[in-house]
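Analysis of the macromolecular model
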Amino acid sequence: LLDYDDVLSKQRQIVYDKRDRIIDGANIDDIIDDVFAQTGKFLAKKAVPLGSNSQTVSGELLVKEVEPRFLPTGTINPVQWEDSLLEEVGPDLSELLYDYYQEKKKAWPEEMVDKILRDVILHCIDQNWTRHIDAMARLREGIHLRSYANVNPLQDYVNEGYRMFRECLELASVEAVLNLVNIKIEMRPAEEPKKDVIENTPEEKKEEK
């Protein structure tokens, strides 16, 4: 049981360390770079046709994955990207996303940029971490059944648990980028404080007369 607990404990430590860097770090540029790098790689992998043994992407699939959720329609030329190597598409896509984010960021109030970045990334990590904990609990509940198939349930739990954890962090990055390239900031003027209005009671009005 301690071995099972240790798997989730190590994952929790990684997440908490990352959260601390986001909350307390003087600069989170490296975290921003990482979420865009992961997202470019993730979207590139999604554009590889199912069942394909090659490491090349389909331009048509890439357009479907990227537009218009991440980039404006017409940004990706499917012919240009057709049969491009996965290892090349990921970084190129990350750069496109990052450049688009930089343009969008120009419309944000300068004094709020840092807070927006930290809040968005933190929210996405927390959301996916909560889902991951639930998924790990479900995995642990049924993992012992695998022993009947002459499989080491603990080793399977370790392997599958870390695969799920990588996906959790990957999805957190993808959702963070999706938010950053679509977020709209509206500044509302501060409301003027209402002045207290004291009305005379009926008795006081009679006295005045």
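Since the model is a prediction, treat every value here as computed from it, not as a measurement.

**Describing the pattern of salt bridges**
Where side chains of opposite charge bring their charged atoms close, a pairing between them can arise. By the definition in use, this model includes 13 salt bridges. Asp-5 serves as the salt-bridge partner of Arg-140, at 2.7 Å between the closest nitrogen and oxygen. Of this pair, Arg-140 sits in helix H6 (residues 113–143) while Asp-5 sits in helix H1 (residues 2–24), and the two are 135 residues apart along the sequence. A salt bridge links Lys-64 to Glu-60, with the nearest nitrogen and oxygen atoms 3.8 Å apart. Of the two residues, Lys-64 and Glu-60 are both situated in helix H3 (residues 59–66); the distance of four residues between them amounts to about one turn of the helix.

**Considerations on the packing of helix H2 (residues 29–46) against H3**
It is the contact of H2 with H3, at a shortest axis distance of 8 Å, that shows an interaxial angle of 130°. By the criterion of interaxial angle, the relationship of H2 to H3 is oblique. Note on packing geometry: the crossing formed by H2 with H3 is right-handed. Contact residues: Leu-43, Ala-44 and Lys-46 in H2; Leu-62, Glu-65 and Val-66 in H3. Classifying every residue of the contact of H2 with H3 gives four nonpolar, no polar and two charged.

Parameters at a glance
- Residues numbered from 1 in each chain as written.
- Predicted model: local features only at pLDDT ≥ 70, side-chain atom pairs only at ≥ 80, totals over all residues.
- Heavy atoms only, no water.
- Salt bridge = Lys/Arg side-chain N within 4 Å of Asp/Glu carboxyl O.
- Helix = DSSP H or I, 4+ residues; strand = E, 2+ residues; numbered from the N terminus.
- Axes fitted to C-alpha atoms, helices over the stretch in contact; angles between N-to-C directions.
- Parallel < 35°, antiparallel > 145°, perpendicular 65-115°, else oblique.
- Left-handed = near helix turned anticlockwise from the far one by under 90°.
- Contact = heavy atoms within 4.5 Å.
- Nonpolar A, V, L, I, M, F, W, Y, C, P; charged D, E, K, R; others polar.

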